[in-house]
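# Summary of the model geometry
Each chain is listed here by its residues.
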Amino acid sequence: MSQQDNLYTTMTRPGAALRLSLMLLLLPGTLAQQKVNIMVLREEGNAPAEQGLKAAIDYLKKNQAEGVVVDRMDVMVIKKGSDIEGTVNATCDLMDGAITASKPPHIILDMTTTGMMAETAKSFTRALALPTFSASYGQEGDIREWRTLTSNESKYLVQLMPPGDIIVQAIRDIVRTQNITNAGIIYDDTFVMEHKYKSLLMNLPCRHIMTMVEATDNLVRNQTMRLKNADIVNFFAVGRQKTISRILDAATANGMFGRKYAWYAVSKDDDDVQCGCENATVVYLRPRASADTRGRLAMLQKDFQLTATPEIDSAFYFDYAIRGIKAAGTLAASGAYSNITYIKCEAFKEDNPPVRPDFDLLSALKSVAMTSTWGSVKWGGNGMTFLDLPVTMDKFLILRGKTADRKTLGDWMTGMPGTFMFKAGQSLQDYQAVTVYRVTTVQQPPFVYKKINADGKPEFYGYCIDLINEIKLIVNFEYEISEAPDGKFGTMDDNQQWNGMIKQLVDKQADIALAPLSVMAERENVVDFTVPYYDLVGITILMKKVKLPTSLFKFLTVLEPEVWICILVAYGFTSVLLYIFDRFSPYSYQNNREKYKDDEEKREFNLKECLWFCMTSLTPQGGGEAPKNLSGRLVAATWWLFGFIIIASYTANLAAFLTVSRLDTPIESLDDLSNQYKVQYAPVNGTSTMTYFERMAYIEKKFYEIWKDMSLNDSMSDVERAKLAVWDYPVSDKYTKMWQSMQEAGLPTSLEAALERVRKSTSTSEGFAYLGDATDIRYQVLTNCDLQIVGEEFSRKPYAVAVQQGSPLKDQFNDAILKLLNQRKLETLKERWWNQNPAKKMCEKDDDQSDGISIENIGGVFIVIFVGIGLACVTLAFEYWWYKHRKGPQVADSSKVVAVRELPHSDTKANKANFSTQYNGRDGYNISPVANPW
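This section reports on the structure supplied with the text. (Residues numbered from 1 in each chain as written. Predicted model: local features only at pLDDT ≥ 70, side-chain atom pairs only at ≥ 80, totals over all residues. Heavy atoms only, no water.)

What follows concerns the state of the cysteines. As enumerated under the stated definition, the model contains 3 disulfides in all. Here C275 connects covalently by a disulfide to C277, the sulfurs 2.1 Å from one another. Residues C275 and C277 share a disulfide whose torsion about the S-S bond is about -130 degrees; that sign makes it left-handed. Here the two residues C275 and C277 agree in accessibility, since each one is buried. With a sulfur-sulfur separation of 1.8 Å, C785 is cross-linked through a disulfide to C843. Because the sign of the S-S torsion sets the handedness, a value of about -85 degrees for the bond joining C785 and C843 places this disulfide among the left-handed ones. Of this pair, C785 sits in the loop between helix 26 (774-783) and strand 25 (787-799) while C843 is found in the loop between helix 28 (825-835) and helix 29 (855-886), placing the two residues 58 residues apart along the sequence. You can call C785 partly exposed: its relative accessible area is 33%. Judged by relative accessible area, C843 falls into the partly exposed class, the value being 31%. Once the bonded cysteines of the protein chain are numbered in order along the sequence, the disulfide links fall as 1-4, 2-3, 5-6. (Disulfide = S-S within 2.5 Å. Buried < 20%, exposed > 50% of the residue type's maximum accessible area, 1.4 Å probe, protein only. Helix = DSSP H or I, 4+ residues; strand = E, 2+ residues; numbered from the N terminus.)

Have a look at this one:
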């Protein structure tokens, strides 16, 4: 055993002062040094503190030029799990023993870290007014027993923060400067963080979780996954290099790297970051040791066995012990202890505690001249005194378990707050976690469309996607969008369990629900809604647009084909009969020409003339000259009577035929739908529309039960009960009946199933009507020409974006949506996705029966005209051909054309008589008497 070891062991025994004096006299080269008595309070297992203290004592003994040496040292080792009373008693025993030996401690070196034992030590030293130099963890106010020190007490109860207490302040500065709103801090036993739960990120708008690393790799994976599920995206791994590697490996297994995550590592070690990460970017902070520091550490490790790790802690406790002992030596040499009276624990009186009015340990500590191993002390008050350490910031890019890139960003100088000293062109901005919110949605055109790209990845677009992109530009975030697993908006079952997008928000599986989501009271109980981004939208009715059949020859369908055949037969028969009567009657014109030769109208009723007469008799123009014979006239009169009856019947039936379709009263409202039974109706199962009707039926039922209970309430007076006695139920049961009808008709399972049932409808008075959100139905009408909206909207509600309950996104989105509203961008979105929608179809204009008969129903009349004109043209051509080619020789020779001469009026009759003889007697002329062209 060395002489230093003998000294260290001897000082803890009774009579140590005498033995120390004798040994100093026997040691060669010994100079007169100030002897100091110390009491050490430390926790079991703090190897850097234990080795640092021993190395400091050995160093002072070996280096006599320091002018101080430890005479007596009492050490109180506090074991884990010790009770407060036992610790106090053991400490009092040590103090009482030192006082009894007339060797009370000049200074208490308090090496306790934090917790109840540390507070017990502070209470002990303050109560007995013992000059104390503490190396406990804690910022200003963290040490409860020293929170209310008087100015005098602050001079001899002094704290110096260990390196681990100030290095982690870099986390606060990173959070503050990078505006981080959430953080997960995982640390190991090389850092004391219990007291930091409150103080580290105090007064910063950052939701954080601080937890000690678990023991096994599986537990660490579960630990990091819990942080991920808590929506933490900024992580700080604090500890030795091996601990950081374990945490990073667990994060890799859980997929916690990428642009939406940011990783920072803080360590006291000097080793580089190493892990089996596939692709990880880590900002690594560690204290930088200068060349002088490296040389001094090497000397201490070699000469004084200061080998405990972390090295910075060992160096800190070494410097701390040197500074404390030398300060006590300075005070002892100046006679500062001559006026100090030490009392034993049993003599302590709470109402008359000892005081040290003129004892200034703080100034002595500040004035100590020494070579700092790692960094000088920046003095402040308790909780504000720390080492001035440069902390290096490096960026590590790790690919497939190997460091692919390393870049030094700069230094962080310790302080509260500290100072970032970045190299040119470097900052932490590039390594921030990009805020990526999880968006859940449901397909509902035109608000949300979905398509699969060539790479197989889904792409969403539509009104809502444009909306969140506009909000993103204002709020500055990124998002990942996915469809709700069950494709539902969110309804609550009888067990108060939610489905759809609302379930994902409640279960913290999504941050934003983006869709045409109606604001409902029960939804507001579990999620938060932003201000509405769309007009009030209600429920309406969708029905098939039944196109009335049209026919160009609709006027022919007034009478059945058999009737038209009978009319044609009657026409032919009457024409033939009229011809026969005129041919054989002795009083007809063709059989009695001389009798009617002076009549102006001379009409010979041959078959062609009879057909013309019967046909024109049915028109307003009439048939012209009637037959001369009485029998023929009777036939004509009979035909006229027949024609009058037929025309009157046809006209009346045509008017009725064109009017009967207008008498079919269509469904125009919800009341019309509820008051009929031919058209079935229902909403899609599980939608808010279904909930509306179900709830309205339930309310009617409850109202009925309340009314019935009131009517049958025996506690009411007869007069009051009589007022409730009515023949009719005072509240409508419309929705009860409608809900029952819906259940009987069967609720469609999807919108596609509902549309299929609607399209199978045969008319507006039979089939199926779909009830749903007006925007759903309006879009179907926009993109389908066979569907129509019926009636007005009812139960109108706004559309809004939903977020998790208590989420800060609510206020941010509210501001953004109001700004977009003021900029009229929401109107632009509505115009783009409704009026200018690429899927919009240009449908034919609906027939408005109030506008009269359409061309589709009366166009056949015009066809008849063109057909008649065409036949006339064909007949004219035939006539020209007939008379030119068949009778051409009689009129073709122009030299034989008769020259008509005007005869004198006096000889008119004579000339008329000789006309036929004169001209017919010539060769080549045969002029027939003029007659009817038919």
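The next point concerns the packing of helix 3 (residues 47-62) against helix 13 (residues 311-333). Contact geometry of helix 3 with helix 13 gives a least axis separation of 7 Å together with a crossing angle of 45 degrees. As summarised for this structure, helix 3 and helix 13 are arranged oblique, according to the angle between their axes. Here helix 3 runs over helix 13; the crossing is right-handed. For the pair helix 3 and helix 13, the contacting residues are P48, A49, G52, L53, A55, A56, I57, Y59 and L60 in the first and D313, S314, Y317, F318, A321, I322, I325 and K326 in the second. (Axes fitted to C-alpha atoms, helices over the stretch in contact; angles between N-to-C directions. Parallel < 35°, antiparallel > 145°, perpendicular 65-115°, else oblique. Left-handed = near helix turned anticlockwise from the far one by under 90°. Contact = heavy atoms within 4.5 Å.)

Another point: the environment of P627. Tracing the sequence through the fold places P627 in the loop between helix 19 (607-616) and helix 20 (630-660). Each residue touching P627, except ones within four places of it in the same chain, is listed here: L578, D582, F605, F613, G632, R633 and A636.

In space, the 5 strands of this open sheet follow the order 19-16-20-26-21, with mixed pairing throughout. Each edge of the sheet is formed by a strand with only one pairing partner; in this case those strands are strand 19 (478-483) and strand 21 (527-529). Across 2 bridges, strand 16 (residues 436-441) lies against strand 20 (residues 512-513) in parallel orientation. Note that in strand 20 the partner of T440 across the bridge is A513. Sitting on the sheet, helix 15 (residues 463-475) touches strand 16, strand 19 and strand 20, and the angle it makes with strand 19 is about 160 degrees. (Pairing = 2+ DSSP bridges.)

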